[in-house]
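# Coordinate analysis (summary)
Residue strings, one per chain:
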Amino acid sequence: MKAARLHARGADFVIEDLPTPVPGPGEVLIRVAGAGACHSDLHIKAGEIPGLPLPQTLGHENAGWIENFGPGAEGRGFEVGDAVAVFGAWGCGHCRYCLGGQEQLCNAFLWSGMGPAGGYAEYLLVPSIRHLLPIGDLDPVLAAPLTDAGLTPYSAVKKTLPFLVPGASAVLIGAGGLGQYGIQFLKLLSPAKVIVVETDAAKRELALSLGADVVVDPRADGAEGVITEHTGDARAAAVLDFVGVDATMALGAGVLGSQGIFVLVGLAGGSLPFSFQGVPSEATWTTSNWGSQNELAEVLALARRGDLVTNVEKYPLSAINDVFDRLHRGLVTGRAIMVP
């Protein structure tokens, strides 16, 4: 099979011919329909996320069709040819996080494409049928980004819902591949006014089309004041930062209200000084790490109902280096999908 392999940090992917995996006991082989090109993989490629052994086949946003079952995996609710989404957080299966349905928090950290081989290939070996979700008549190419670009903001938005009472405002920073779903979830699940902060003009326009009430360019003079004009004296009840650099975190903290919540999603490595008088009183500060399989099922249900707009660009696997160059330069408006 063809696979895009990363051999060294900072290097290009190399398209290689590898043996097609043969599923062992309990495993399932998936023929990949689409694999989302994620900023997390861009950070890995650049060497900004250490510890991943190389060479590696990345790709953790995957959907496709069941090609074959290993011994003991067949006859458990799926058949060969079924279209499925792959939940990519493969935990140990027996710790308190896994048993509680939060495999993405498992310390084993066996995520698809981050240790085990991922979906930038024609076939993907999944270690257990429990990681598969049926997608019905959804296009698997469009379902692939829902497994992270959809799931991660959904889980982040759910953390803010107790804070978003009628009349409240939510500030979302970064209207890229994840932020675009975040806007939609805020509008679908909450009564909040949604204020989107984004540097790219095209993405600001897209944010408005997805339901944002206000868009703000953070580079404009007085951007923080513009935001607080729209939040009112109470300021934002929730801030979701999908970028995560020092500047966006400082901006978010500056517009957050007392007893609000700040959810950091972006992996850009920023930080924020924490002191009693340096942050809003009694505010909650948290990260949001992917999401649970139950939450992915909820995202897929919204997609099947036609409630989600997915903006994708489809590329052959051979174009992966061009795709990651475009991703690095901020030229991907929605989500780039590798189609083997």
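Cut-offs used in this document
- Residues numbered from 1 in each chain as written.
- Predicted model: local features only at pLDDT ≥ 70, side-chain atom pairs only at ≥ 80, totals over all residues.
- Heavy atoms only, no water.
- Axes fitted to C-alpha atoms, helices over the stretch in contact; angles between N-to-C directions.
- Helix = DSSP H or I, 4+ residues; strand = E, 2+ residues; numbered from the N terminus.
- Left-handed = near helix turned anticlockwise from the far one by under 90°.
- Contact = heavy atoms within 4.5 Å.
- Polar contact = N/O pair within 3.5 Å; in protein donor to acceptor, adjacent residues only side chain to side chain.
- Phe/Tyr/Trp six-rings, centres within 6.5 Å; stacked < 30°, edge-to-face > 60°.
- Buried < 20%, exposed > 50% of the residue type's maximum accessible area, 1.4 Å probe, protein only.
- Lys NZ or Arg CZ within 6 Å of the ring centre and 35° of its normal.
- UniProt positions renumbered as here; feature names shortened; annotations may be inferred.

### Thoughts on the packing of helix 7 (residues 223–231) against helix 8 (residues 246–255)
In the contact formed by helix 7 and helix 8, the axes pass within 10 Å of each other and the chain directions differ by 35°. The two elements helix 7 and helix 8 cross, and the hand of that crossing is right-handed. On helix 8, the residues touching E224, I227 and T228 of helix 7 are L251, G254 and V255.

### Examining the side chain of Q293
You can see Q293 is positioned in helix 9 (residues 293–304). Within the structure, Q293 has its side chain in polar contact with the backbone oxygen of R130 (distance 2.7 Å). With near-sequence residues (within four places) excluded, Q293 lies in contact with F87, G101, R130, H131, L132 and L133.

### Some details on the packing of aromatic side chains
This structure, assessed with the given rule, holds eight aromatic pairs. Between W111 and W290, the aromatic rings sit 4.6 Å apart at their centres with planes inclined by 70°, giving edge-to-face as the arrangement. Highlighted residues: W111 in strand 7 (residues 110–111) and W290 in the loop between strand 15 (284–287) and helix 9, separated in sequence by 179 residues. Overall, W111 belongs to the buried group, its relative accessible area being 8%. According to the relative accessible area criterion, W290 is buried, its value standing at 4%. The rings of F13, Y120 and F324 are connected pair by pair, giving a single aromatic cluster. Lying over the aromatic face of Y97, R96 brings its terminal NZ or CZ to 5.1 Å of the ring centre.

### Some details on the UniProt feature "domain: Enoyl reductase (ER)" (unreviewed entry) in the protein
Residues given the UniProt feature "domain: Enoyl reductase (ER)" (unreviewed entry) here are residues 10–338. Within residues 10–338, the helical portion is 26% and the strand portion 24%, while the C-alpha atoms at the span's ends are 20 Å from each other.

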